[in-house]
Amino acid sequence: GSLVEAAGDAAWTIEGTSIGEMAEALTHLQDKDVQADLRARGLAHAQGFRWEPMAHLLHHLLQQAVEQAATPPTQSFLADWQRLRRLQADVDYH
């Protein structure tokens with residue numbers, strides 16, 4: 001799942017449906033050596049996350065959205081949507 005993807009090998013994950021598994025994990029995580037190891041792995045794993053690629057991707061997606069918003073089909077859709085929202089507001093408030 002997403003937790004495993006985000007944490008990599010820097011987290012002790014469990015299914016969460018077994019009390020025995022939870023107890024074992026909690027016991028394991030009390031070990032100072034395990035804590036230090038996971039902390040070091042977490043810091044190393046975090047080095048792989050950079051804001052620059054995400055910022056570039058977000059910029060690209062926003063540019064695409066702006067360009068698409070200017071197309072005639074999108075403008076037509078938005079005009080229809082606004083007309084329907086006005087009709088809905090008239091129904092809701094009258």
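For the structure, check the block above.
Undergrad: Looking at this structure, I do not really get the overall build of the protein chain. What am I missing?
TA: Scanning the protein chain from terminus to terminus reveals five helices and zero strands. Sequence-ordered secondary structure for the protein chain, helices as α and strands as β, is α-α-α-α-α. The C-alpha radius of gyration of the protein chain comes to 25 Å, more than 25% above the 12 Å expected for a compact globule of 94 residues. For the protein chain, the computed accessible surface area is about 8,100 Å², with 62% contributed by carbon and sulfur atoms. In the protein chain, the 7 positive side-chain charges and the 13 negative ones have mean positions that sit 9 Å from each other.

Undergrad: Sorry if this is basic, but what is going on with the environment of Ala11 here?
TA: For Ala11, the position within the fold is in the loop between helix H1 (2–7) and helix H2 (19–29). Given the relative accessible area of 32%, Ala11 is considered partly exposed. A sequence separation of 44 residues divides Ala11 from Ala55, and the C-alpha atoms of the two residues are 27 Å apart.

Rules of the game
Residues numbered from 1 in each chain as written. Predicted model: local features only at pLDDT ≥ 70, side-chain atom pairs only at ≥ 80, totals over all residues. Heavy atoms only, no water. Helix = DSSP H or I, 4+ residues; strand = E, 2+ residues; numbered from the N terminus. Rg over C-alpha atoms; globule rule 2.2 N^0.38 Å. Areas by Shrake-Rupley, 256 points an atom, 1.4 Å probe, with all protein chains shown as cover. Lys, Arg positive; Asp, Glu negative; His and termini not counted. Charge placed at Lys NZ, Arg CZ, Asp CG, Glu CD. Buried < 20%, exposed > 50% of the residue type's maximum accessible area, 1.4 Å probe, protein only.

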